[in-house]
Amino acid sequence: MGTDSEADRREASDEPSGDERSESSKKRAGAAGSEQGEDPENASGETASEKRHASREDEQRFPHVPASDDDDDAVVVPDADSGASRSRENTDHAREGAIAADGGERADAGSEGESCSPNTCTCGEKTPPDAESETPPVATDGAGVANVDEMGELGDLEFTEPAEDVSQDVYDDAPDTRVGVPEGVDLDTPEYSIRSRMNDIETPNEKTWFMELDEAVIDEGRCIQCGTCVAACPSDSIGVGDDGLPELVKMCTGCSMCWDFCPRGGMRYERQWKITGGEDNVKGAGDPITEFSAKVEDDWTDGAQDGGVVTGVLSTLLEEGEIDGALVATESEEEEWKAESYLATTTEELIENAGTVYNQTLALGNLDLEQWEHKLPDKDWDDLSLAIVGTPCEIEGIRALQDFEWDYQAQNEGIRAVDYTIALMCTKNFNYHSLMGEQLEEQRGISPSEIGKMDVLDGKMMVYDHDGEMIVEEDIENFHDAALKGCDECADFTGFCSDITVGSVGSSDDYSSVIIRTEQGMNAWELTEPKLDYHDLEDKSAVGKLQGWDKKKAFESLERPFDPDAPRFIDYTDHAENYGTALNPHDQGH
């Protein structure tokens, strides 16, 4: 390192003896003389360094400065009799190696040999004549010091008072100044005025947030638990709460999609009927291709609902390789007769879950294929095909979502994979805890564990035990308090948007009424036909009458105009005007 000998390097921990210091002084005096020349005033051989240190014997020792472990080893001891201020001026901020005041190369503080102490010098170097006029170096860690004097004492500090009600300006230069730009490099820096232009952009009036959906639908008790809002959210910000209702689980982006696709919020579901099924899909039971009364001829149908047609169709589609799985409802393992979504991928799983459970599962919120990855075949998700069984409102939701090429994040591949839709005839659905807990167990003394089958037929709620004996037969109106309030506004009893509609109305016991609505539905029927006992729909008028009754009840409950020719999506401002909900819920502490 440089030209210094090993003996010239400083040792921070060991103080050399007097003889050693004398010998070292002579050596370093010679070295200093060769670099700086002889001083005629020092003919006696006493160096300037020896005189300076001799005069300091009674002075206070300079605070100990330990050796630095940094690679740059930039620890420099200042001249103790200098009173220069320790500002950052003239200090090396680049940590490229501190240079001693005499211009020579710094000694290696970590090597063995001779060293200087604050009161005793052994180096023998002479101080340059102009050293007193120059700003001496200061003790630093290599990065410079501030607010301390040469003795390491903390001086008076000045603090900038924080500004009130405005941003604190802590720099003297312009806020758009680029720092750290290498010399000679010309960077294109945008003007700071661009921020002002951005701040002038107004939020679009049509921007709608989850809080609007919460205010107008969920808090109002109008949510039908279809899960469309969960599926529609492009940021996966909506989840399912402990109460079975949608809730915000992370920041809402205000994209409006949860509102737009909600069948009780922004989606005009009667417009979706026409988009899906044509001009005649708003009258009677719609405009079907054909209708049947059918049942599956197999022993397993004893546990199925009516004729077991839904299970028969799905199992056939699986066997034929038309689908890789079907999203159906299953009974919760924790709570009897509570429905949960389940992806069946075998005929055995379908048969095990045959039957109807009268509460919603938020089915569309369970189309995240990662949730079912362990059950799906090993192929690209884009190549998967699924069927879904749901209530008419759920089928309205999936059809609307599939009409747009937006990315629905976690649910996206599942939404795109649905190729077959089966709607269950439905006048209303129920809140699980209200129906099973309050209405049946508390008011009628019937435990969920006693129930073997439930059915809603001819305007009556029918409950059977495990032996097939009827234990409840009452008008469905007696269970009105347990029904989902939003079901009152639904006019879609027969599932206008589905490929196939299945129910019990219009057929005798042990048969299902089947309405084929699309070519896709016709394909599924033709594949399943060899397994079925079927004939023409027995009572078309019964289906039409119940559809008419359901529509009439909806018209009485709807507080907006029923208009199949109006735009598919309803602005929140229009909804608020009709329903009297808050225009800006966040301004009212929502």
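Residues numbered from 1 in each chain as written. Predicted model: local features only at pLDDT ≥ 70, side-chain atom pairs only at ≥ 80, totals over all residues. Heavy atoms only, no water.

The subject of this paragraph is the environment of E220. With respect to the secondary-structure elements, E220 resides in the loop between helix 4 (210-218) and helix 5 (228-232). Separated by 265 residues in sequence, E220 and K485 place their C-alpha atoms 8.9 Å apart. The contacts of E220, once residues within four sequence positions are left out, are D214, E215 and K485. (Helix = DSSP H or I, 4+ residues; strand = E, 2+ residues; numbered from the N terminus. Contact = heavy atoms within 4.5 Å.)

Before going further, it helps to examine the layout of surface pockets. Approximately 1,000 Å³ is the volume attributed to the second largest pocket. Lining the second largest pocket are 49 residues, with T356, Y358, L424, M425 and V502 sitting closest to its centre. Of all the secondary-structure elements, those providing two or more residues to the lining of the second largest pocket are helix 8 (309-319), strand 4 (325-331), strand 6 (386-390), strand 8 (451-457), strand 11 (500-503) and helix 14 (540-557). Looking at the lining of the second largest pocket, the element that brings in the most residues is helix 8, giving four residues. (1 Å grid on protein atoms, 1.4 Å probe; cavity = no way out; pocket = protein on both sides within 12 Å on 5 of 7 lines; lining within 4 Å. Points joined across faces, edges and corners; volume = space filled by probe spheres on them.)

The next subject is helix 15 (residues 572-579). Every buried residue belonging to helix 15 is among Y572, H575, A576 and Y579, and all of these are buried. One side of helix 15 carries all its buried residues, which in axial view fall inside an arc of 100°. Residues of helix 15 that are buried make contact with helix 4 and helix 6 (257-260). (Buried < 20%, exposed > 50% of the residue type's maximum accessible area, 1.4 Å probe, protein only. Arc of directions from axis to C-beta.)

In this section: a negative patch on the surface. Taken together, E438, E441, E442, E450 and D481 make up a surface patch of like negative charges. Note that E442 resides in helix 12 (residues 432-444). Judged by its relative accessible area of 63%, E442 is exposed. (Patch = residues over 30% accessible without salt bridge, like charges linked within 9 Å, V, L, I, M, F, W, Y side chains within 5 Å. Areas by Shrake-Rupley, 256 points an atom, 1.4 Å probe, with all protein chains shown as cover. Salt bridge = Lys/Arg side-chain N within 4 Å of Asp/Glu carboxyl O. Lys, Arg positive; Asp, Glu negative; His and termini not counted. Charge placed at Lys NZ, Arg CZ, Asp CG, Glu CD.)

If you trace the three strands from one edge of the open sheet to the other, you get 8-9-10, paired in antiparallel fashion. One side of each edge strand has no neighbouring strand; the edge strands of this open sheet are strand 8 and strand 10 (470-475). Direction aside, the axes of adjacent strands within the sheet are offset by 10° on average. (Pairing = 2+ DSSP bridges. Axes fitted to C-alpha atoms, helices over the stretch in contact; angles between N-to-C directions.)

Take the packing of aromatic side chains next. Applying the stated criterion to the full structure yields 16 aromatic pairs. Taking 5.3 Å as the distance between ring centres and 85° as the angle between the ring planes, the aromatic pair formed by F292 and Y534 counts as edge-to-face. With a gap of 242 residues between them, F292 in strand 3 (residues 290-296) and Y534 in strand 13 (residues 532-536) connect regions that are remote in the sequence. With a relative accessible area of 29%, Y534 lands in the partly exposed category. The structure contains a cluster of three or more aromatic residues connected by ring pairs, namely F261, F404, W406, Y408 and F569. (Phe/Tyr/Trp six-rings, centres within 6.5 Å; stacked < 30°, edge-to-face > 60°.)

What follows covers the side chain of D368. Tracing the sequence through the fold places D368 in the loop between helix 9 (347-352) and strand 6. Buried D368, no salt bridge; nearest opposite-charge side chain is K250, N-O distance 11 Å. What D368 contacts, discounting residues up to four positions off in sequence, is A410 and Q411.

An order of 5-4-6-7-11-12-3-13 is seen for the eight strands of this open sheet, with the pairing classed as mixed. Because the sheet does not close on itself, it has two edges, and the strands there are strand 5 (339-344) and strand 13. Strand-to-strand twist across the sheet, computed as the mean angle between neighbouring axes with direction ignored, equals 30°. Pairing geometry for strand 6 and strand 7 (residues 418-424), over five bridges, is parallel.

To continue, consider the nonpolar core. Counting 35 residues, the largest nonpolar core has F261 and L401 as its most contacted members. Breaking this core down by element, the ones donating at least two residues are helix 5, helix 7 (269-277), strand 6, helix 10 (392-402), helix 11 (412-417) and strand 7. A total of four residues in this core trace back to one element, the largest contributor, which is helix 10. Contacts of F261, omitting those with residues within four sequence positions, involve T228, A232, M267, A400, L401, F404, W406, Y408 and F569. With 27 residues, the next largest nonpolar core counts V328, Y420, A524 and W525 among its residues. (Core = buried A, V, L, I, M, F, W, Y, C linked by side-chain atoms within 4.5 Å.)

At W337, a position not held by glycine, the phi torsion is positive, near 65°. In this structure, W337 sits in the loop between strand 4 and strand 5. Positive phi, normally seen in glycine, also occurs at Q409, with a value near 55°. Note that Q409 resides in the loop between helix 10 and helix 11.

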